[in-house]
Amino acid sequence: MAAVPAGAVSPLRAALYLRLSRDDAGGGESVSIGGQRALLRAYAADHGWQVAGEYVDDGFSGTSFQRPGLRRLLEDVEAGRVDLVLTKDLSRLGRDYIRTGELAEVYFPSRHVRYIAVNDGFDTQGPDSGLAPFQHVVNEMYARDASKKIRSALAVRRAQGRYVGSLAPYGYRKDPADRNRLLPDPPAAAVVVELFARAAAGEGPGALARMLNLRGTACPALYRAGRRPGPGEPVWTASTVSKLLRNPTYLGCTAQGRTRKPSFRAPFREALPPSDWTVVEGTHPALVDEATFRAAARRRGRTGKGGFQNRMAGLVRCGVCGGPMVSSGTRRKDSPARLVCAAYKRHGLAGCAGPAIHYPLLVDLIGLSLRQALRPTAKEREEILTELLRRAVEEGGGARRRLEEEDRRLARVEEELWEGRMLGALEEGRFRSLLERSRVLRRENARRLEDCPPEDVDVGELRARLARALDQVLAAPETDGSILGGFLREVTVGERDGVTEVIVTLALDCPPWTGELTWSGTMAHSLWRQEGAG
C-alpha cells in the first residue's frame, strides 16, 4: 500500500462483517453473503474508507455469539486494527437483543470503534435513536419465531417416525434414498450386537469398554471420521457403552426428543425423562431383540431413575497427574459412585495410578472443611443477617420500581413510534409490528406488577426466615450448590504415606470471610468409614 503523504489523514480502516444463517437462505441475493459484500464495499468506497478485512460467518445463527468470524473481528478490535465496523443491518450482528445491544451500544463505543448498520440507519456516531433498542427486540422476536417453527416442524417429523438427527446412531447409517430413515451399518452393527450379547451375559460397561480398546475398535466419534484410534485420541469408556446399551433405537424404533434446550438462546441441552421421549416403533431394522435388550438392562443393574449426579464435576483433580476426576461405578451399597482419575478410567494404570475415593466420603470431607472455615462468631452472624435483610428489603421494593420504570420507558418508546410514523420515518408495517410488541410487553409488566409483594413487609418475620436459612446452610454447606460454586476453588485427591489425602482450597472473598484457605484431611477424619471399601 502506498505511503500516506505528510500531513494527509489516513483513511479509516473498515471491517465488513457478513453473516448468513440457514433461516435466511430464502431471503434472496440481498441477504446472501455476496449481496452483503457488494453493499458494504460500495458503502465504504462512497465514504472513502479502506476495507481492512472481511469477517464472514456463513451458516451461523444470530442467536449464538460463538461464531469464528465474529470472534476474529473482536480480536482485531481489541488489537486496535479496526476503526469502524459495517454490517448490512443490526440483525447481521446478532438476534439476541441483550448481547447485540451491548456490542453495538457499549462495546464498540468503549473501544472507540464506530459501528454502522447500513440499512437500519444505525450509526454510533450519529444522532441517538430511541428505536435502536427496539430493533434489537424485533430481531430477537424473529429468531424466537423461527425457533418455534423449526421445533414444531421437527416435532411433526418425530411423531411420524422420521429420523431427524444430523448423525445416525452408531451401528446405523442414513438411507441414501430417504435421509430420514435408518439402515444397519454392518461393521458397527456387529459391534453393537456383540455388546448387547455380552452385557446380557453379565459383563459390565467398564469391562466391555476395555475389551474394545484392547482390540483397537474405533469409538463412535473416530468411526464416523473413518480413523483408527491413536495416542491421545478418544476411546471407548464405560459411559459410552452404557449410553449405547440404553438406546431403544437398536430395537427398531426411533426414540427422539431425548434432550431439549431450555430456551432458543441456551448454549446447552438438558436430558428429558423417557416418558417425554417421542418413540415410534417399527421404523427401521432392529439390531437386538426385546429379550436381549431387557437382559442387558437388568445386568447393568440401573434403570436410570434417580440416577447419580456428580455435583463436584469440574472441581476435583487428581493429585498424581493433575487431571480431572470423574465418576465411576461401585458395588458399595452406601456409595453411589467413586471418583477416579479420567486418565485411569480411559487407559487403566497405564494412564494414571492415582487414588480413587468414594463420593460420600469426599462430600463429607469437603463439608468438614467448609464448616471449619465458615464458622462465624455471634457478632459476625448478626452482621451477615443485617446485610441479608437489607438486600432482601431493597430487592423487594426494587422489583416494583424496575417494573414501573420499564413501563414508563415503553410509554416513551410508543410516543417516538407515533412521532416517527407521523413524520414518515416509519413504514406502516414496521410501525404496527413495533407498537404491538410494546403493548404486549406493557401488558406483561402490568401482570407482574400485580404479582409483586407489598413493599411494607414484616421485617421481623423476614429476619427470622433469613436466620433459619442461614443456620441450615452453615450446618451443611456441602449441600448448597451456590456455596460449592462460590467458595470451592479446587479439590485435590492425592496420597500421602499410603493414605488417601484430600486437599481443599477455598476462595473466601466475601465478608466476614476473606482470603484463601487450604485445608487438608484424610479418610481418618471422616465419620464415613472406609471399612470394606473396594
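Note that the structure is a prediction, hence the values are computed from the model and not measured.

(A) Fine view of the overall build of the chain. From N to C terminus, the chain includes 16 helices and 18 strands. Per-residue burial for the chain yields a buried fraction of 39% across its 534 residues. Counting contacts in the chain only where the partners sit at least 6 residues apart, residues at least 24 apart contribute 62% of the total. With the model as given, the accessible surface of the chain reaches about 29500 Å², and the carbon-plus-sulfur share is 52%.

(B) A look at the sheet that holds strand E1 (residues 13-20). Taken in spatial order, the five strands of this open sheet run E2-E1-E3-E4-E5, and their pairing is mixed. Either end of the sheet is taken by a strand with one partner, and the two such strands are strand E2 (50-58) and strand E5 (122-123). For strand E4 (residues 114-117) and E5, the ladder comprises two bridges, and the chain directions are antiparallel. Opposite Ile 116, over in E5, you have Asp 123 as the bridge partner. Helix-sheet contacts for helix H1 (residues 33-46) involve E1, E2, strand E3 (84-87) and E4, and the interaxial angle to E1 is about 160°.

(C) Region of interest: helix H2 (residues 68-78). When H2 is considered as a whole, its buried residues turn out to be Gly 69, Leu 70, Leu 73, Asp 76 and Val 77. Seen along its axis, H2 keeps its buried residues to an arc of 125°; they face one direction. Residue Gly 80 follows H2 closely and has a positive phi angle near 75°.

(D) The arrangement of the packing of helix H7 (residues 205-215) against helix H9 (residues 238-245) in detail. Where H7 contacts H9, the two axes come as close as 8 Å, and the packing angle between them is 110°. Taken together, the axis directions place H7 and H9 in an arrangement best described as roughly perpendicular. The two elements H7 and H9 cross, and the hand of that crossing is right-handed. Of the residues in H9, those touching H7 at Pro 205, Gly 206, Leu 208 and Ala 209 are Ala 238, Val 241, Ser 242 and Leu 245.

(E) Quick look at the pairing of strand E6 (residues 172-175). Bridge count for E6 against strand E7 (residues 178-184) is four bridges, and the pairing is antiparallel. By the bridge assignment, Tyr 172 is partnered in E7 with Pro 184. In this antiparallel pair of consecutive strands, E6 and E7, the connection spans two residues.

(F) Just the state of the cysteines, in detail. Under the definition given, this model contains zero disulfides. Just so you know, Cys 318 is unpaired, no disulfide at all, and the nearest cysteine sulfur is the one on Cys 352, 3.7 Å from it. Given the relative accessible area of 3%, Cys 318 is considered buried.

Analysis parameters
Residues numbered from 1 in each chain as written. Predicted model: local features only at pLDDT ≥ 70, side-chain atom pairs only at ≥ 80, totals over all residues. Heavy atoms only, no water. Helix = DSSP H or I, 4+ residues; strand = E, 2+ residues; numbered from the N terminus. Buried < 20%, exposed > 50% of the residue type's maximum accessible area, 1.4 Å probe, protein only. Contact = heavy atoms within 4.5 Å. Areas by Shrake-Rupley, 256 points an atom, 1.4 Å probe, with all protein chains shown as cover. Pairing = 2+ DSSP bridges. Axes fitted to C-alpha atoms, helices over the stretch in contact; angles between N-to-C directions. Arc of directions from axis to C-beta. Parallel < 35°, antiparallel > 145°, perpendicular 65-115°, else oblique. Left-handed = near helix turned anticlockwise from the far one by under 90°. Disulfide = S-S within 2.5 Å.

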